[in-house]
Amino acid sequence: MQNAYLKIEQSSPLQGVAELTGAKNAVLVTIASLLLTSGKSVLRNVPYSADVLQMIALLEQLGAQVIFSPENHLLEVDTTHVNKWHVSAEIMKKMRASILVMGPLLARFGYADIALPGGCVLGTRPIDYHLNSFRKMGVEVAQDGDFLHGRASQLCAQKIVLAYPSVGATENIMMASVLTKGVTRIVNAALEPEVLDLIEVLKKMGAHIEIAPPATIVIEGVQEVHPIEHTILSDRLEAGSLLIAAAATGGSISIPQAPADALEVFLLKLEEMGHHITVGEHEVGITLHATKNPHAVSFKTSPYPGFPTDLQAPMMVLQCLAEGTSIIEETVFENRLVHVRELEKMGAQIVVHNNTATITGVEALYGAQVIASDIRAACALAIAGMAAKGTTIMTGVQHWKRGYESLEKKLALLGAHIWLHDDEDEMDMTPLNERSISKQIRA
Ligand code: EPU
């Protein structure tokens, strides 16, 4: 893994049309939700990313039969023979989204034995909302070292009030309640597009779910649900990242599938910077023409429909090169400014106080050796590398591969100078800055 890295060189302005893959944060929970059913489901537009492969491995461990055709983005999952509810620590530690199987396992079997989840290091990332909600529904949850044991002879429908609209807790409680007799209400629920897509998935299975404004999800339990066919929605975060990459290099790109209505505050901020945005009919499709003189803008992250925390790090790169000073406040995660240290290595001027970064725009960033510590930091550093003078070498590419399907190829097609040197390539023991890059991914 240490030998894997991205090499990025200053890129000419990105130009062209980009296609989107299926949304990572929708596909993982959709795969988990199939545990509620018995039979064969078909998912389309499934991205070929490391997290998807982990979720497939998790379902296989529980007894599901899975066929994945990455070239067609087609996933067939047969859950007929799922007969286990124990997920190994090895799988749980690799991905926080693995906690999302707890709700479906409790609903299907009344049992779930899972290790505490791992994933990106974005602070302590507790799972107390998940566990307290399950307890309220009648689940006995015991912890034995790193292992959690959930037991419920019968789940009980309840009103569950979330102190914060957690995406994962909302999804987990919904999945636990679709087969629970009575009416479950999730008050202060998350309503991210990926949560709404899960509602569509569960309704296709036969679940009864409604949204009561402003943010209560009402689930009326049904006796059984059935397998489905479903197309994963386009990744709004990949769309946002591509637009930022175009803006950072002074380019012009179009993304015909981009869901503009799921990116409103983000697009507003790009426009406030001076970038020219055009949105297609019915809010689908976004074109960006970058301004030559971007102005710094301030923003704070918040639950949907606010500014998405997953675009905070890439958007910070644009502020590093904009005229003026911007203030970025991260309110969703307690530790999601780790990329600041790496951007500083590239010449950025940033002062961090608690969860707020104050950025003073500079004339130029410079290539450096940087380390990605989470999925979105990896994206930010790659974009910074495209805008920076010289060569950037980014390690920590396992995060890049967890979140995106060959994003480096997509960027290269638009004109970015970016290459992935993968750990599957031959071992290379020479120092990073002396290595030749063995794998050029410019299509
Ligand atoms: N929180 C708690 N207790 C809980 C659950 C959450 O305190 O039991 C806190 C978290 O620590 C965090 C906040 O609530 O400070 C929000 O967390 P949330 O539960 O909403 O996030 P998540 O479900 O763990 C999903 C995405 C993240 C995305 C967030 C916010 C998936 C697989 N992950 O995480 O995606 O940032 O929602 O939108 O859907 C990424 O894609 O890089 C990523 C981290």
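Everything below is about the structure printed above this text.
Residues numbered from 1 in each chain as written. Predicted model: local features only at pLDDT ≥ 70, side-chain atom pairs only at ≥ 80, totals over all residues. Heavy atoms only, no water.

Here we come to the pattern of salt bridges. Tallying each qualifying case throughout the model produces 13 salt bridges. A salt bridge links E238 to K410, with the nearest nitrogen and oxygen atoms 2.7 Å apart. Of this pair, E238 sits in helix 8 (residues 236-248) while K410 sits in helix 14 (residues 407-413), and the two are 172 residues apart along the sequence. Taken individually, E238 and K410 each receive the classification buried, so the pair is uniform in this respect. In this structure, R341 engages E342 in a salt bridge whose closest nitrogen and oxygen atoms are separated by 3.3 Å. Given the relative accessible area of 2%, E342 is considered buried. Through salt bridges with shared partners, one network takes in R341, E342 and K345. (Salt bridge = Lys/Arg side-chain N within 4 Å of Asp/Glu carboxyl O. Helix = DSSP H or I, 4+ residues; strand = E, 2+ residues; numbered from the N terminus. Buried < 20%, exposed > 50% of the residue type's maximum accessible area, 1.4 Å probe, protein only.)

Turning our eyes to something else, we now look at helix 9 (residues 264-273). Every α-helix winds through 3.6 residues per turn, so residues three or four apart in the chain are directed the same way. Listed as buried for helix 9 are F266, L267, K269, L270 and M273. Mapping the buried residues of helix 9 onto a view down its axis gives an arc of 160°, with all of them on the same face. Elements that come into contact with the buried residues of helix 9 comprise helix 8, strand 16 (276-279), strand 17 (284-289), strand 18 (299-300) and helix 10 (312-320). In the stretch just after helix 9, G274 is the one whose phi turns positive, near 110°. (Arc of directions from axis to C-beta. Contact = heavy atoms within 4.5 Å.)

Taken together, 21 residues sit near the ligand, with D128, S166, D310, V332 and R376 positioned nearest. R96 is positioned with one of its side-chain polar atoms (N or O) 2.9 Å from an oxygen atom of the ligand. If the ligand stood free it would expose 830 Å²; the protein chains cover 89% of that surface. For the shell around the ligand, the elements supplying multiple residues, two or more each, are helix 1 (24-33), helix 5 (128-136) and helix 6 (167-177). (Near = heavy atom within 4 Å. Polar contact = N/O pair within 3.5 Å; in protein donor to acceptor, adjacent residues only side chain to side chain. Areas by Shrake-Rupley, 256 points an atom, 1.4 Å probe, with all protein chains shown as cover.)

This part takes up the sheet that holds strand 24 (residues 417-421). Neighbouring strands of a sheet are bound in pairs by backbone hydrogen bonds; such pairs are parallel or else antiparallel. The strand order 22-23-1-24 describes an open sheet built from four strands, whose pairing is mixed. Pairing within the sheet leaves two strands with one partner each, and these edge strands are strand 22 (369-371) and strand 24. Taken pair by pair, the neighbouring strands of this sheet meet at an average axis angle of 20°, ignoring direction. (Pairing = 2+ DSSP bridges. Axes fitted to C-alpha atoms, helices over the stretch in contact; angles between N-to-C directions.)

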